[in-house]
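What follows is each chain in one-letter form.
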Amino acid sequence: MTTKRAVDITVKVNGKEHFAAVEPRLLLVHFIREHLALTGTHIGCDTTNCGACTVLLDGRAVKSCTLFTVQADGRELRTIEGVGNSSALHPLQEGFKEKHGLQCGFCTPGMIMSACALLEKKPHPTEEDIRWGISGNLCRCTGYQNIVKAVQYAAEKMSASASQA
Amino acid sequence: MLAKTLPEIGGMGHPIKRKEDLRFIQGKGNYIDDVQLPGMIYGHMVRSPYAHARITAIRTEEAKKLPGVLAVITGEDLAKANLAWMPTLFHDKQMVLATGKVLFQSQEVAFVVAEDRYTAADAADLVEIDYEELPVLIDPHKSQDSDAPILREDREEKSNLIFHWEVGDRAATDQAMKSAPVTAKVNAFFPRCHPAPLETCGCVIDFNSATGKLTAWITSQAPHAHRTVFALVAGLPEQNIRVISPDIGGGFGNKVPVYPGYVCAAVAALTVGRPVKWIETRSENLQSTGFARDYHMEAELAADKEGRLKALRVKTLADHGAFNAAAQPTKFPAGLFSICTGSYDFSSAFCEVDGVYTNKAPGGIAYRCSFRVTEAAYLIERAMDVLAQELKLDPVELRRKNFIPPEKFPYSSPLGWSYDSGNYQGALDLALERIGYNDLRKEQAEKRERGELMGIGISSFTEIVGAGPSHTFDILGLKMFDSAELRVHPTGKAIMRMGTKSQGQGHETTYAQIVAQELGIPAADVAIEEGDTDTAPYGLGTYASRSTPTSGAAAALAARKVREKARKIAAHLLEVSEEDLEWEPGKFSVKGAPGKSKTIQEIAFAAYTNFPQGMEPGLEAVHYYDPPNLTFPFGTYIAVVDIDKGTGEVKVRRFVAVDDCGNIINPMIVEGQVHGGLTEGLAIAFMQEISYDESGNIQGGTFMDYLVPTAVETPHWETGHTCTPSPHHPFGAKGVGESPNVGSPAAFVNAVVDALSHLGVKHIDMPLSPWKIWQILKDKGVTQ
Ligand code: FES
Ligand code: FES
């Protein structure tokens, strides 16, 4: 039954510290979407299958529908809103647009977050790596082929700028 | 082919990048659950655990006592306002909240409204309902048995039969069947499946008691139709209803019907006096909203010894669940299923369909499909392979022999359609060449020698899309035309509003390209708006691949009206007569004096600043397009599969899809549509099914057991095109979104059956799960 006792938490989201008092059972995805109004993180299922809710928790891709907000206490979150913006798109965002890696766009933020985590670990992924890397994210529209190309585009662009640096 | 504009104009045929993407890649889309209003409260549905049961009591007191709960609405409450039932989109009615009894598991029984979603869900658990179980009817084949329970006590006819429908010449077909030297028969079940767009359905409904205006944000593929249904059901004046369809996270037909949750949210908004949000969970989506298919089909083909087709006879049992909530044109209880003669020239055909009620979720919606064309294409393409096997003919040969030849178009089919254009042989040839058919057959023969299982499956499907024309097609009496309203601003930029609604198809880009093609205004300068019934012209929405054939045509014709007015203004500005002007995309020039010209932007400015005396100012046009006929896209798909003998697992090694959808607006978007549709076809062929146990419990009601392929299971798709424009469409387009979903299931199944045909396998029903295949292999002694 409802226990409305609130728990104080501190969490860094997209580089900014947030303090909040939350119900212990509040799902992280609802905290992100409704308390922080960061609605780019989506909800597509109730069984941890779809990955539309994927965010980075201390750099690791996690499904935010399957974590309580209190589990993020003292940790660092990154959501799609912290990835890039119109004047400075992240190579992955650019890749999705260039390679037609999205249609309805509902899976896209989660896909981008998973791909972020993948490229962090594997800057030069094979097609196989990419397919496995996004296998926790479902897309009903694209058939994945152009998502794979989008991630390849980003990987190339990121490694080119890394080697220039 | 159409004249190609410069890339910076971005007219038809340019693979320009999508305009809508910029917001989606930043997480700035505005989907239904992102709509947030001050004072908004949440609804949660209480659902039936039983498939068929009488409701003897509903106790809501405990739920209402929970702090934060604002209302609990039951069917009895709705009955007082005459809202316990609502019309379906196919001339049946459906319970909004159950009164008396429930008819399927997961049916809507009560609606709880609370300050936040967690409290609403808690309170839903506190609603106590007493049920008395009733005998359950799950197998549609038993629906007409004398001891079958009659499900719909509300209907006058005490029968589970919804309709019997037939088309074609029964006598001639029977005769041809009897006298034919060769016949082949297949019983093919197309399982119940679900569109499962990644975003579920939902709404936010706000009623302003001061103005009397109801604003409804709904995940709607057909916002205008929904507005009219709301007006008719709720008795509200239509001008006081505004339906806004925000960004939609995929639809595929799932978001065409009106669902009980929308009505409950509206009632709650009116009674509580605050905006109400209702978003279904994934499981609720799969278990209670518009399913598709569930067709038990039988096809018989008659042919001569050489394999020349004579006749087709089809008998189908359609399982509609508890209510007939198919979204189908009125005259077509089985939709366009009579396209089942496919790409082939038959002299006679007959098709009959019985629709029945069972204790299952209602639906029968057109899932990425023009009203049952998917079932039809699957059936004929499967039957062709069965006949080929019977005749020991290569399936390619059999198809070649029987295609409707290009010179026979427009072609009148024995079941009453007039196909606009086609070149089936051309698409087949290209697909064979791309896949390397002959080499694959050689490889297959060698593999068979070694005991390895490999199959090649072909599907040369014909589609039927783009409903209207209005004389034949309507939904609930609303004629199936569609619309565009184009306004060119003084600076030469434009906005166009449409009667359709994108759910990922990229309308903001493709419609702008049509304007670019017709007027030479860069696509980047044309804003497209859809989905707000207060601003958009009336239309029937986006499904059944109808946007390009209908609204796309309307866009072109509205643009041509603007061009005609622009011509008059240009003549005035250049001081010549209209006949002295010639048009090229973006400008009018004086014939023979190339330097003397006016750009469309200059003309637009003049339309507001310097128009001829007596002319109506402004530069805009509206067009409501009523298509003269449907369009008939087609294609050939070829799948190559390898089967693991140990596990029964099927691997799709290659897949070539050659589509012919006439002239193409944006090749990049078309290719994306094809990839997506093929992936949905793959899912249907190999992994998805919603089935029910004998007590009526749903199996396949969550993403744990209703499988969506991931990037790992999805093969690499190879695409190609031939181009046979539609002769009656303003720019020769046909529509493509559903083709891959319509054409591919048969290619997959044909490939798997082909791999096993030497073992005597003639047909296997989808989904072709490893377990099912492994059992067959075991049966045939191929594996232990
Ligand atoms: S919402 Fe589907 S995995 Fe989180
Ligand atoms: S783009 Fe629609 S779900 Fe991926």
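It should be emphasised that the depicted structure is a prediction, and the values quoted were computed from it without experimental measurement.

A. Looking closely at the overall build of chain A. Along chain A, the regular secondary structure elements total five helices and five strands. Secondary structure elements of chain A occur, N-terminal to C-terminal, as β-β-α-β-β-β-α-α-α-α. Taking 15 Å as the expected radius of gyration for a compact globule of 165 residues, we find that chain A reaches 16 Å, a close match to that expectation. Principal-axis analysis of the C-alpha atoms gives chain A an extent of 50 × 35 × 25 Å. Expressed as a percentage of the 165 residues in chain A, the buried residues total 55%. Within chain A, residue pairs in contact and separated by at least 24 positions form 55% of the contacts whose partners lie at least 6 positions apart. Summed over its atoms, the accessible surface of chain A is roughly 6800 Å², and 50% of this surface lies on carbon and sulfur atoms. Once the 18 positive and 16 negative side-chain charges of chain A are each reduced to a mean point, those two points are 3 Å apart.

B. Structural detail: the side chain of His224(B). Residue and element names in this part refer to chain B. With respect to the helices and strands, the residue His 224 is situated in helix H6 (residues 223-234). In terms of polar contacts, His 224 uses its side chain to reach the backbone carbonyl oxygen of Pro 537, at 3.5 Å. If we ignore the near neighbours within four places in the chain, the residues touching His 224 are Gly 499, Thr 533, Ala 536, Pro 537, Tyr 538 and Gly 539.

C. Spatial organisation of helix H18 (residues 770-779) of chain B. All names here are of chain B. Every buried residue of H18 is accounted for by Ile 773, Ile 776 and Leu 777. Down the axis, H18 shows its buried residues gathered within 100° of arc, on one side only. Away from its buried face by more than 90 degrees, H18 exposes Trp 771 and Asp 779. Contacts from the buried residues of H18 go to strand S20 (453-462), strand S30 (634-643), strand S31 (650-660) and helix H17 (739-756). Just beyond H18, the residue with positive phi is Gly 781, at close to 75°.

D. Quick peek at the domain arrangement of chain A. All names here are of chain A. Domains assigned within chain A are domain 1 (7-82) and domain 2 (91-164). Summarising the inter-unit geometry, the C-alpha centres of domain 1 and domain 2 are found 21 Å apart. Tallying the contact residues gives 17 residues for domain 1 and 13 residues for domain 2. If you sort the residues of domain 1 by the area they bury against domain 2, His 42, Thr 54 and Ile 80 come out on top, with a joint share of 41%. Where domain 1 meets domain 2, there are zero salt bridges. The tally of links between domain 1 and domain 2 comes to five residue pairs in polar contact (both at pLDDT 80 or more). Where the side of domain 1 that touches domain 2 is concerned, the elements lending two or more residues are strand S3 (54-57) and strand S4 (60-63). Sorting elements by how many residues they give to the side of domain 1 that touches domain 2 places S3 first, with three residues.

E. The packing of helix H2 (residues 91-98) of chain A against helix H5 (residues 145-164) of chain A, seen in detail. Residue and element names in this part refer to chain A. It is at 8 Å that the axes of H2 and H5 come closest, and there the two elements cross at 140°. Classified by the angle between their axes, H2 and H5 sit oblique to one another. The hand of the H2/H5 crossing is right-handed. Contacts between H2 and H5 pair Pro 91, Leu 92, Glu 94, Gly 95, Phe 96 and Glu 98 from the former with Ile 147, Ala 150, Val 151, Tyr 153, Ala 154, Lys 157 and Met 158 from the latter.

F. Main features of the nonpolar core. Residue and element names in this part refer to chain B. With 238 residues, the main nonpolar core has Phe 111, Phe 337, Trp 417, Phe 655 and Val 752 as its most contacted residues. Per element, the largest residue contribution to this core is twelve residues, and it comes from helix H9 (residues 373-391). The residues touching Val 752, leaving out its near neighbours within four places in the chain, are Val 641, Ile 643, Val 650, Phe 686, Ile 764, Leu 768 and Ile 773. Leu 557, Phe 588, Val 590 and Ala 733 belong to the second-largest nonpolar core, a separate cluster that totals 46 residues.

G. Here's a closer look at H5(A). Its 20 residues place the ends of H5(A) 29 Å apart at the C-alpha level, agreeing with the 28 Å of an ideal helix rising 1.5 Å per residue. Buried within H5(A) we find Gln145(A), Asn146(A), Ile147(A), Val148(A), Ala150(A), Val151(A), Ala154(A) and Ala155(A). Tucked inside the fold, the buried residues of H5(A) contact H2, helix H3 (108-121) and helix H4 (127-133) of chain A together with helix H16 (667-686) of chain B.

Calculation criteria
Residues numbered from 1 in each chain as written. Chains lettered and ligands numbered in written order. Predicted model: local features only at pLDDT ≥ 70, side-chain atom pairs only at ≥ 80, totals over all residues. Heavy atoms only, no water. Helix = DSSP H or I, 4+ residues; strand = E, 2+ residues; numbered from the N terminus. Rg over C-alpha atoms; globule rule 2.2 N^0.38 Å. Buried < 20%, exposed > 50% of the residue type's maximum accessible area, 1.4 Å probe, protein only. Contact = heavy atoms within 4.5 Å. Areas by Shrake-Rupley, 256 points an atom, 1.4 Å probe, with all protein chains shown as cover. Lys, Arg positive; Asp, Glu negative; His and termini not counted. Charge placed at Lys NZ, Arg CZ, Asp CG, Glu CD. Polar contact = N/O pair within 3.5 Å; in protein donor to acceptor, adjacent residues only side chain to side chain. Arc of directions from axis to C-beta. Domains from an automatic or database assignment. Buried area = accessible area lost by both parts, 1.4 Å probe. Salt bridge = Lys/Arg side-chain N within 4 Å of Asp/Glu carboxyl O. Axes fitted to C-alpha atoms, helices over the stretch in contact; angles between N-to-C directions. Parallel < 35°, antiparallel > 145°, perpendicular 65-115°, else oblique. Left-handed = near helix turned anticlockwise from the far one by under 90°. Core = buried A, V, L, I, M, F, W, Y, C linked by side-chain atoms within 4.5 Å. Expected span 1.5 Å × (residues − 1).

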